[in-house]
Amino acid sequence: MIIAKRKPVKDILKMINKDKKILLVGCGTCVTVCSAGGEKEVGILSKLIKIAFRKENKSIQIIERTIKRQCEKEFVEEIREEIISCDAILSMGCGIGVQTIASMFEDILVYPTLDTSFDGMPEEQGVWVELCSCCGNCILDKTAGICPITRCSKSLLNGPCGGVQNGMCEVDKDTPCAWQSIYERLKKQGKLDTLTEIEPIRDWSTSRNGGVRKIVREDLKL
Amino acid sequence: MKAETNLEKLFNQGEFVVTAELGPPKSVSIKLIEKKVNILRDYVDAVNITDNQTAVVRMSSLACSIIVKKNGLEPILQMTTRDRNRIALQSDIIGSAALGINNVLCLSGDHQTLGNHPGAMNVFDIDSIQLVSMLKNMRDKAIFQNNETIRYPPKLFIGAAANPFADPFEYRVIRLAKKLKAGADFIQTQAIFDVERFSRWMEDVRRRGLHQQVYIMAGVTPLKSYKEAYNMTNVAGVTIPEEILERMKIAKDQKAEGVKICLEIIKKIKKIEGVRGLHIMAVMWEDIVPLLVRESGLYPRTKII
């Protein structure tokens with residue numbers, strides 16, 4: 001899922017310092033699960049903003065709402081009345097949510113409160129790791145279910161490089177070398193011979209490198 | 001022969017080749033380059049020109065190679081895949097070959113977060129093994145990576161790096177075989193401090209007959225101080241055994257001890273079957289190279305006319 005973290009409050013305050021009435025809207029899907037922008041976080045941020053404003057002898061009215069998903073127009077529609085009654089919207093959704101709301105209400109200012117970071121999962125409680133870079137051409141069948149494009153710092157397809165030490169990446173001692181992990185798993189599976197084949201140069205045009213992407217399913221269009 | 005560079009000719013006629021490294025300046029100073037070339041010219045057969053080594057911005061490897069060649073020393077152009085995509089890499093290779101720079105060493109490159117512009121965007125369009133393949137096809141099949149014909153293809157003597165010390169140990173020889181399969185003509189290893197471990201790697205190499213398919217050069221680095229040695233253990237790809245660290249620590253003259261250790265390593269390496277040359281990486285200490293070459297009985301160098 002999408003993993004994000006909240007921006008520092010001081011950066012958020014800069015966005016709304018002229019506003020009198022704002023809607024603070026959370027999202028009930030990915031950012032709830034990673035504790036960045038759900039209902040609970042909306043409550044917390046609302047309090048922090050009010051405290052900061054009070055310190056400067058300013059006042060601000062904050063309407064708090066959380067919708068199931070900010071990336072789907074039907075859920076955003078549910079809070080139309082609240083949106084149009086405010087000076088600005090502080091979205092606690094990911095970048096997709098922010099843009100969806102902004103596209104539906106073009107004359108209202110919509111600000112992000114989160115830094116949308118990556119596609120990943122909770123490795124353990126409180127720790128999220130990046131696992132997928134949405135390259136558009138999945139090769140996980142060849143690499144024992146470990147993505148080298150995402151998890152190798154150099155996206156090597158014929159790794160590892162010479163920088164691995166104690167199974168860790170040269171970039172960060174706490175990042176496992178993806179290729180060492182692939183090697184070990186293939187060894188367990190008795191499939192080491194796949195590593196003797198040279199993985200050829202990749203066509204990156206299926207990734208963001210090829211331009212803004214779109215998927216059209218004619219069979220699903222109305 | 002593939003490119004008939006001096007380097008290739010010397011390997012071809014069975015010489016024990018010696019190369020060194022030259023880091024381009026962080027400025028437009030040609031004088032600095034000339035100074036280093038003057039030190040190295042009579043003591044090495046060719047010199048690696050590094051490509052923004054450790055992700056620190058320096059004069060481009062191609063530009064510096066041209067200057068080095070002009071000053072009478074044969075360059076080995078190092079190319080990393082960190083900063084340039086396949087378009088730029090092919091373009092640079094055609095340019096360098098057109099200018100008579102035909103030795104290339106293919107590397108992935110140190111990650112930019114380790115260097116002095118850590119906020120830069122990644123490239124890593126291709127990896128070092130794919131680069132070797134791509135260059136081989138440019139040379140032998142006269143095609144670009146997209147299979148279009150190159151009317152006048154580049155002559156190239158293609159090198160790659162090997163690290164006998166990184167993990168996983170048992171995979172390192174398989175990785176070497178992969179580089180050979182891709183088309184490497186010569187290999188330079190990372191700095192050897194653990195000769196025993198390097199020996200074991202060479203045994204494995206010989207068992208697979210790989211030493212007869214590619215020219216393998218053993219890398220060495222003379223240590224300047226205990227502090228440097230200690231810091232090196234954190235450098236990507238370097239392993240220094242405890243006993244060497246200890247020797248450096250207790251030595252009265254650390255530089256002299258570093259040179260002594262290096263000479264001992266070179267002496268042992270020369271005896272290992274399958275090692276076809278020595279690659280001296282005297283980082284920021286090029287002036288020690290003449291001494292190392294002389295004291296190892298590797299002077300004078302054979303000159304190809």
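(A) A look at unusual backbone geometry. With an omega of 0 degrees, the peptide bond running from Gly 159 of chain A to Pro 160 of chain A counts as cis. Tracing the sequence through the fold places Pro 160 of chain A in the loop between helix H7 (148–151) and strand S8 (168–169). In this model, Tyr 299 of chain B is joined to Pro 300 of chain B through a cis peptide bond whose omega is 5 degrees. For Pro 300 of chain B, the location among the structural elements is in the segment after helix H11 (289–295). Phi angles above zero are rare outside glycine, and Ala 144 of chain A is one such case at about 55 degrees. As for its position among the elements, Ala 144 of chain A is in the loop between strand S7 (127–132) and H7. The backbone phi angle of Ala 142 of chain B is positive, close to 50 degrees, even though this residue is not glycine.

(B) Representation of the sheet that holds S7 of chain A within the structure. All names here are of chain A. Reading across the sheet, the three strands line up as S1-S6-S7 and stay open at both edges, with antiparallel pairing between neighbours. Of all the strands in the sheet, the pair left with one neighbour each is strand S1 (2–6) and S7. The sheet shows a mean angle of 70 degrees between the axes of neighbouring strands, taken without regard to direction. Pairing analysis gives five bridges linking S1 to strand S6 (residues 114–124), with the strands arranged antiparallel. Across the sheet, residue Ile 3 finds its bridge partner in S6, namely Phe 118.

(C) Local environment of the pairing of strand S1 (residues 17–22) of chain B. Residues and elements named next belong to chain B. Of all six residues in S1, six are buried; the element is thus mostly enclosed. Along S1, one buried face is formed by Val 17, Thr 19 and Glu 21 and the opposite face, lined by Val 18, Ala 20 and Leu 22, is buried too. Here S1 pairs with strand S2 (residues 46–49) via four bridges, running parallel. Pairing of Leu 22 across the sheet is with Ile 49, part of S2. In this region the chain leaves S1, passes through helix H2 (residues 30–40) and returns to the parallel neighbour S2; the handedness of that crossover is right-handed.

(D) Focus on the environment of Asp 203 of chain A. All names here are of chain A. Inspection of the secondary structure assignment puts Asp 203 in the segment after helix H8 (178–188). Spatially, the C-alpha atoms of Asp 203 and Asn 137 are 8.9 Å apart, while their sequence positions differ by 66 residues. Reaching out from Asp 203, the side chain makes a polar contact with the side chain of Ser 205 at a distance of 2.6 Å.

What counts and how
Residue positions within a chain follow its written sequence, with the count starting from 1. Going through the entries in the order they are written, you letter the chains from A and number the ligands from 1. Local features in a predicted model are, by the rule used here, given only for residues with pLDDT of at least 70; side-chain atom pairs are given and counted only at 80 or more, and totals for whole chains, interfaces and linings are based on all residues. The side-chain figures draw on all heavy atoms in the structure; neither hydrogens nor water molecules are used. Numbered from the N terminus, helices here are DSSP runs of H or I no shorter than four residues, and strands are runs of E no shorter than two. Strand pairing requires that DSSP identify at least two bridges connecting the strands. Inter-axis angles, ranging from 0 to 180 degrees, are taken between N-to-C directions of lines fitted to C-alpha atoms, where helices are fitted over the stretch in contact. Relative accessible area decides the class of each residue, using a 1.4 Å probe on protein chains only: under 20% of the type maximum gives buried, over 50% gives exposed, and in between gives partly exposed. Crossovers are marked right-handed if the path from the first strand over the helix to the second runs clockwise, as seen with the strands pointing away from the viewer. We call two N or O atoms a polar contact when they sit within 3.5 Å, provided that within protein one can donate a hydrogen and the other can accept it, with sequence-adjacent residues counted only if both atoms are side-chain atoms.

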